[in-house]
Amino acid sequence: MLSGKTIVLGVTGGIAAYKAATLCSKLVQKGANVHVIMTSSAKQFITELTLQSLSKNAVFSDTFDERDPSVVSHIRMADAADLVLIAPATANVIAKMAHGLADDMLTTTLLATMAPVMVAPAMNVHMYGHPAVMENMKTLEQRGVMMIEPGEGLLACGYVGKGRMEEPESIVAVVERYFDEEKKAEPGLLHGKKVVVTSGGTIERIDPVRYITNDSSGKMGFAIAKAAREMGASVHLIHGHTDTAPPAGIDAEAVQSADDMYQAVLKHWHDSDMVIKAAAVADYRPAETASSKIKKMGDTMTLELIKTVDILEQLGKSKTNQFLIGFAAETHNVEVYAKDKLVRKNCDLIVANDVTAEGAGFRSDTNVVQVYDADGLVEQMPVMSKDEIARRLLTIAAARMNGAGN
Ligand code: PMT
């Protein structure tokens, strides 16, 4: 599974460093070329010789210990890595990473690498829960660092709680899954599939000059439509009000109201393999649309609103073979509301975004999402471009559609 992959394994100074030996050995057994970098504190817990023997590669810990004059070791490591994995990661290294410090071989390599980074924290339960550590981990996640949550149990310090480094077998499984997903993001993944994407905000008319709409720019749905096409699908994009024109070369249909969108989706529904509802659809519309401009009268005015059709819910009810993906735009209780929508609207996946979070939601080029299925969290995607989120989401969906499981 990991053959041909170069993994830089960063080992930092906690008691869980002893597990790095098993981790290193298992990665090597899976075919990875593992290069270990240890911090000086890590060497208090485990020897360089152990990790050198298991990885069959020289172990580095001192930035200035340059053994080959023709290269700069930390740059060579940074460039060669397909993945940098820090396990165990102490609160100290997490803080250094969050603040961009580079005072040893590991942290200089981390600043220099363009490879994806995974971090498996290990520390005392109170350290793990400390606001500073939490804040640093959040910063890293927002930069795209993948966190491998520690487990709960008896810690070496005697406390029971969260902070125990995830077991080496589970870390290897996370690493394998990561490379597997990457491999699956192939151009032909949705070849032959018919995909319908909705995007943008609906417009609910009050009169010929006024309407109710929302902040959706259409970017999220456009990114999904583009990614689906790149993966080989035949895509039909149904969009409401958007900030820009739909991507060139995509079969796009403009609609206004929730009802228009419903009718447009229905025309393609029975024929489609996958429907992704990224549109922000109005939940209510004016009970009456005036045929001429409403004139100003009293100091107040009451507008009666009635419920629109819930398109996603209707699709969920009549679903046969279609793979249905909903979105949930929330400002609070994100997980609870998203899971409720997943079940109520009978979706296969729901993509939750907290639209108040920095870099997430309406109008921005990036988003921060959690993807859920009926069993719970499938993937937490830190802040990343809507294009990247679209690719990852479709990769997950395609694997499930094609029966490749969870
Ligand atoms: O367009 P951008 O500026 O890029 O912003 C992206 C986004 C924030 C709009 C997008 O990421 C997003 O969250 N889209 C869903 C917005 C929304 O309407 O969420 P909701 O939680 O209100 O609705 C839940 C789901 O039901 C959505 O899939 C929605 O399309 C669908 N729905 C809602 C109401 C309705 N009457 N019919 C529906 O089909």
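Given the structure is predicted, the values throughout are model-derived calculations rather than measurements.

Criteria and thresholds
- Residue positions within a chain follow its written sequence, with the count starting from 1.
- Owing to the predicted nature of the model, reporting of local features is limited to residues with pLDDT of at least 70; listing and counting of side-chain atom pairs is limited to 80 or more, with chain, interface and lining totals taken over all residues.
- Side-chain metrics rest on all non-hydrogen atoms present in the structure, leaving aside hydrogens and water.
- In these notes, residues near a molecule or strand are those with any non-hydrogen atom within 4 Å of it.
- For the purposes of these results, a polar contact is taken to be a pair of N or O atoms within 3.5 Å, where, inside protein, one atom must be able to donate a hydrogen and its partner to accept one; residues adjacent in sequence count only when each atom of the pair is a side-chain atom.
- The numbering of helices and of strands both runs from the N terminus, where a helix is a DSSP run of H or I of at least 4 residues and a strand a run of E of at least 2.
- Residues are grouped as follows: Ala, Val, Leu, Ile, Met, Phe, Trp, Tyr, Cys and Pro are nonpolar; Asp, Glu, Lys and Arg are charged; every other residue, Gly included, is polar.
- Domain start and stop positions are those given by an automatic or database domain assignment.
- In this analysis, two residues are considered to be in contact whenever any of their non-hydrogen atoms come within 4.5 Å of each other.
- Here the buried area means the combined drop in accessible surface, using a 1.4 Å probe, for two parts upon being joined, counting both sides.
- Here a salt bridge means any side-chain nitrogen of Lys or Arg lying within 4 Å of a carboxyl oxygen belonging to Asp or Glu.
- Accessibility here uses a 1.4 Å probe with only protein chains present; expressed as a share of the type maximum, an area under 20% marks a residue as buried, one over 50% as exposed, and anything in between as partly exposed.

1. Thoughts on the site of the ligand
Ser216, Ser217, Lys341, Asn353 and Arg363 are the nearest of the 29 residues found near the ligand. Contacts to the ligand include Lys341, whose side-chain N or O atom sits 2.5 Å from an oxygen atom. Broken down by secondary-structure element, the contributors of at least two residues to the shell around the ligand are α9 (219–230), α11 (311–318) and β16 (323–330). Top contributing element to the shell around the ligand by residue count: β16, with four residues. When the residues that make up the shell around the ligand are grouped by side-chain class, the tally is 13 nonpolar, eight polar and eight charged.

2. Some points on the domain arrangement of the protein chain
Domain parsing of the protein chain yields domain 1 (6–184) and domain 2 (194–401). The distance between the C-alpha centroids of domain 1 and domain 2 comes to 39 Å. At the interface, seven residues of domain 1 touch seven residues of domain 2. Both faces combined, the contact of domain 1 with domain 2 buries some 570 Å², and carbon together with sulfur accounts for 60% of it. For the pair domain 1 and domain 2, the interface holds zero residue pairs in polar contact (both at pLDDT 80 or more). Taken together, the elements giving at least two residues each to the side of domain 1 that touches domain 2 come down to α7 (131–142) and α8 (168–184). Top contributing element to the side of domain 1 that touches domain 2 by residue count: α8, with three residues. In the side of domain 1 that touches domain 2, the residues fall into one nonpolar, two polar and four charged.

3. Notes on the pattern of salt bridges
Taken as a whole and assessed by the stated rule, the structure comprises 26 salt bridges. In this structure, the salt-bridge partner of Glu330 is Lys341, at a minimum N-O distance of 2.6 Å. Linking Glu330 in strand β16 with Lys341 in helix α12 (residues 334–344), this pair joins segments that are 11 residues apart in sequence. The partner of Glu388 in a salt bridge is Arg392, and the shortest N-O contact between them spans 4.0 Å. Of this pair, Glu388 and Arg392 both sit in helix α13 (residues 386–401), separated by four residues, roughly a single helical turn. On the accessibility criterion, Glu388 (26% relative accessible area) is partly exposed. A single network of salt bridges, built from pairs that share partners, joins Glu313, Lys317, Asp340 and Arg344.

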